[in-house]
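Structural features, examined
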Amino acid sequence: NGFSFGVKPAGAKPSRRFGSSKPPKCSCQRSSQALTALLGLRGTGGSPITLGEFDLASEARKINLTAAQLAREAVDEFKSDGRKRYVLGSIGPGTKLPTLGHIDYDTLEAAFAVQAGGLIAGGVDAILIETAQDLLQVKAAVNGSRLAFASEQRSVPLMVRTSTHRPSTSSTGKESTSLTRVS
């Protein structure tokens, strides 16, 4: 129900993230049912780090901007019925964990700033940092989003959803209560 959006990178091997090796495109498909009140925009593979695995790091801002614009246009099509609807831009965990040494913090924060900047410029109403399993990822995404708020001169609500593998701990062994001290 609602809309779905997807980005398919040129020359990419088929993968569970992109599912196709067709040329890049952003697409919007509407189902036959009414648009829900909150349109989620999946961006878990939208950072320059993850897109770099497909030689698309330099396209990260444009991909996120275009996806957010398509989502905004879809939501705006339904303004006439008087119901308020929102576009939620998602920043997902990516493929590198800083706590495990896969990537340094500053590089990750800068990458999330690029992704968040594209989403904000494209018109999202809020950003969801989701499925994070490393609290340093969360911190990098939060602070990267804050950098994007400053550079875009626009801020939006920021939400965080983490995943745990054992009761009350992240996969990197941090207590979930430490999430309250991320900033």
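Criteria and cut-off values
- Residues numbered from 1 in each chain as written.
- Predicted model: local features only at pLDDT ≥ 70, side-chain atom pairs only at ≥ 80, totals over all residues.
- Heavy atoms only, no water.
- Helix = DSSP H or I, 4+ residues; strand = E, 2+ residues; numbered from the N terminus.
- Buried < 20%, exposed > 50% of the residue type's maximum accessible area, 1.4 Å probe, protein only.
- Contact = heavy atoms within 4.5 Å.
- Salt bridge = Lys/Arg side-chain N within 4 Å of Asp/Glu carboxyl O.
- Core = buried A, V, L, I, M, F, W, Y, C linked by side-chain atoms within 4.5 Å.
- Axes fitted to C-alpha atoms, helices over the stretch in contact; angles between N-to-C directions.
- Parallel < 35°, antiparallel > 145°, perpendicular 65-115°, else oblique.
- Left-handed = near helix turned anticlockwise from the far one by under 90°.
- Nonpolar A, V, L, I, M, F, W, Y, C, P; charged D, E, K, R; others polar.

Further remarks concern the overall build of the chain. Within the chain, the secondary structure is distributed over 4 helices and 6 strands. Its helices and strands taken in sequence order, the chain reads β-β-β-α-α-β-α-β-α-β from the N to the C terminus. For the chain, the residues scored as buried account for 44% of the 183 residues in total. Looking at the chain alone, contacts between residues at least 24 apart form 75% of all its contacts between residues at least 6 apart.

Once that is clear, we can look at the pattern of salt bridges. For the structure shown, the criterion picks out 6 salt bridges. Note that aspartate 76 is salt-bridged to arginine 72, the shortest N-O span being 3.6 Å. On the criterion of helical spacing, the pair formed by aspartate 76 and arginine 72 is a turn pair, its members being 4 residues apart in helix α2 (residues 60-76). One salt bridge connects arginine 72 with aspartate 125, and the closest N-O pair in it is separated by 2.5 Å. Here arginine 72 is found in helix α2, whereas its partner aspartate 125 is found in the loop between α3 (105-122) and β5 (126-132), with 53 residues between them in sequence. Taking the relative accessible area as the measure of exposure, arginine 72 reaches 18% and is therefore buried. For aspartate 125, a relative accessible area of 25% gives the class partly exposed. What you see here is one network of salt bridges that share partners, running through Arg72, Asp76 and Asp125.

Of all hydrophobic cores here, the largest spans 23 residues; its most connected members are Ile91, Phe112, Ala116, Ile120, Val124 and Ile127. Only α2, β4 (86-91), α3, β5 and α4 (135-152) provide two or more residues apiece to this core. If near-sequence neighbours (up to four positions away) are discounted, phenylalanine 112 is found in contact with Ser47, Ile91, Gly92, Pro93, Gln137, Ala140, Ala141 and Gly144. If you look at the next biggest cluster of nonpolar residues, it comprises 5 residues, including Leu51, Phe54, Ala60 and Ile63.

What follows deals with the packing of α2 against α3. In contact at an axis separation of 7 Å, α2 and α3 are set at 30 degrees when each is read in the N-to-C sense. With respect to each other, α2 and α3 are oriented roughly parallel. Crossing geometry of α2 relative to α3 is assigned as right-handed. Residues Ala60, Arg61, Asn64, Leu65, Ala68, Gln69 and Arg72 of α2 touch α3, and the partners they reach there are Val114, Gln115, Gly117, Gly118, Leu119, Ala121 and Gly122. Within the contact of α2 with α3, the residues separate by chemical class into 6 nonpolar, 6 polar and 2 charged.

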